[in-house]
Amino acid sequence: DVKVTQSSRYLVKRTGEKVFLECVQDMDHENMFWYRQDPGLGLRLIYFSYDVKMKEKGDIPEGYSVSREKKERFSLILESASTNQTSMYLCASDGMNTEAFFGQGTRLTVV
Amino acid sequence: DAKTTQPTSMDCAEGRAANLPCNHSTISGNEYVYWYRQIHSQGPQYIIHGLKNNETNEMASLIITEDRKSSTLILPHATLRDTAVYYCIVRTYNNDMRFGAGTRLTVKP
């Protein structure tokens, strides 16, 4: 059973904290993605990685960074969390000519 | 710039075919057409994809025009559980995957 696993389902953090959202896939996929989803704004791409240590900015990278030290793990980092980063965060992965699989999402609240 | 254009919303009667259109007039030769759907707050779910030829699987059929500038996703016998937002995406492998606003399909009893 293929899986994309996000480390937390719900997370509450304080303003200014450094936040790590972890995503692990067990399908040996090359591509991994981080999105955030807000009501009325749909899924917006934050960062994309097509290989280990490779990353590309999506549409809304400001305030975020990513790390991909191993093929199976793609981390999203909020350097200094702010209340406008309260959102649902979704991780996905896919490989050559395959479908993308999504994690269950992390609902992050920054207070 | 959006690569695809989809209607904002559509309704369909339960048991009837749902035909969801997508325009992708700037598609390049090596880009595939993918369809995903998202039910409520769950992560998007893959439906089908194709390059040139029409495709069919257990969930749906994908009809791509000969010039590849548009496509239609067909759910042959829509059920209430098919109510969702449907996304049409064009991309190549090893490329980013951007979701537009999609089409909100409502299946009515």
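Since this is a predicted model, take the numbers as computed values, not measurements.

Some details on unusual backbone geometry
Leave glycine aside and you will find that most residues have negative phi; peptide bonds, for their part, are mostly trans. A positive phi angle, near 60°, is found at Asp 28 of chain A, a position not held by glycine. Despite not being glycine, Arg 68 of chain B has its phi angle at roughly 65°, a positive value. Following the sequence through the fold, Arg 68 of chain B ends up in the loop between strand E6 (61-64) and strand E7 (70-75).

Overview of the state of the cysteines
Within this structure, the stated rule accounts for two disulfides over all chains. Each sulfur of the disulfide joining Cys 23 of chain A and Cys 91 of chain A lies 1.8 Å from the other. Because the torsion about its S-S bond is -80°, the bridge between Cys 23 of chain A and Cys 91 of chain A counts as left-handed. Of the two residues, Cys 23 of chain A sits in strand E3 (residues 19-25) while Cys 91 of chain A sits in strand E9 (residues 87-94), which places them 68 residues apart along the sequence. A residue is classified by how much of its surface remains accessible, and Cys 23 of chain A, at 0% relative accessible area, is buried. By relative accessible area, Cys 91 of chain A is classed as buried at 0%. The thiol of Cys 12 of chain B is unpaired, and the distance to the nearest cysteine sulfur, on Cys 22 of chain B, comes to 18 Å.

Here's the deal with the sheet that holds E7 of chain B
Residues and elements named next belong to chain B. Read from one edge of the open sheet, four strands run E2-E7-E6-E5, paired in antiparallel fashion. The two strands at the open ends of the sheet, each matched to only one other strand, are strand E2 (18-23) and strand E5 (55-56). Sheet topology places E2 next to E7; six bridges connect them, and they run antiparallel. The residue of E7 that forms the bridge with Ala 18 is Leu 75.

Examining the interface of chain A and chain B
Between chain A and chain B, the contact holds 22 residues from the first and 17 residues from the second. Here chain A meets chain B over a buried area of about 1,700 Å², counting both sides, of which 52% is carbon and sulfur. Broken down residue by residue, the surface that chain A buries against chain B is led by Leu 43, Asn 97 and Phe 102 of chain A, which jointly contribute 27%. The interface formed by chain A and chain B includes two salt bridges. Close ionic contact of Asp 94 of chain A with Arg 91 of chain B constitutes a salt bridge, the shortest N to O distance being 2.5 Å. Connecting chain A to chain B are five residue pairs in polar contact (both at pLDDT 80 or more). If you list the elements that add at least two residues to the side of chain A that touches chain B, you get strand E4 (31-38), strand E5 (42-51) and E9 of chain A. Looking at the side of chain A that touches chain B residue by residue, the classes come out as ten nonpolar, seven polar and five charged.

Considering the pattern of salt bridges
All names here are of chain B. All chains considered together, the criterion is met by 13 salt bridges over all chains. The salt bridge partner of Arg 98 is Asp 96, with a shortest N-O separation of 2.5 Å. Given a relative accessible area of 19%, Asp 96 falls into the buried group.

Things to note about the confidence of the model for chain A
In the predicted model, chain A carries a mean pLDDT of 94, and the fraction of residues at 70 or more is 98%. Mean pLDDT across the secondary structure elements of chain A bottoms out at E5 of chain A, with 93, and peaks at strand E8 (residues 73-78) of chain A, with 98.

Re the sheet that holds strand E1 (residues 4-6) of chain A
All names here are of chain A. Taken in spatial order, the four strands line up as E1-E3-E8-E7 in an open sheet, and their pairing is antiparallel. Because the sheet does not close on itself, it has two edges, and the strands there are E1 and strand E7 (64-70). The sheet shows a mean angle of 20° between the axes of neighbouring strands, direction not considered. Both E1 and E3 contribute to a ladder of three bridges, which runs antiparallel. Paired with Val 4 across the bridge in E3 is Gln 25.

Points about the packing of aromatic side chains
Scanning all chains against the criterion turns up 13 aromatic pairs over all chains. Between the aromatic rings of Phe 102 of chain A and Tyr 36 of chain B, the centroid separation amounts to 6.4 Å while the plane-to-plane angle is 80°, which identifies the pairing as edge-to-face. Separated into two different chains, Phe 102 of chain A in strand E10 (residues 101-102) and Tyr 36 of chain B in strand E3 (residues 32-38) make up a pair that spans both. The pair formed by Phe 102 of chain A and Tyr 36 of chain B is uniform in burial state, with each residue classed as buried. For the ring pair Tyr 36 of chain B and Phe 99 of chain B, a centre distance of 5.9 Å and an interplane angle of 65° mean the geometry is edge-to-face.

Cut-offs and rules
Residues numbered from 1 in each chain as written. Chains lettered and ligands numbered in written order. Predicted model: local features only at pLDDT ≥ 70, side-chain atom pairs only at ≥ 80, totals over all residues. Heavy atoms only, no water. Helix = DSSP H or I, 4+ residues; strand = E, 2+ residues; numbered from the N terminus. Disulfide = S-S within 2.5 Å. Buried < 20%, exposed > 50% of the residue type's maximum accessible area, 1.4 Å probe, protein only. Pairing = 2+ DSSP bridges. Contact = heavy atoms within 4.5 Å. Buried area = accessible area lost by both parts, 1.4 Å probe. Salt bridge = Lys/Arg side-chain N within 4 Å of Asp/Glu carboxyl O. Polar contact = N/O pair within 3.5 Å; in protein donor to acceptor, adjacent residues only side chain to side chain. Nonpolar A, V, L, I, M, F, W, Y, C, P; charged D, E, K, R; others polar. pLDDT = per-residue confidence, 0-100. Axes fitted to C-alpha atoms, helices over the stretch in contact; angles between N-to-C directions. Phe/Tyr/Trp six-rings, centres within 6.5 Å; stacked < 30°, edge-to-face > 60°.

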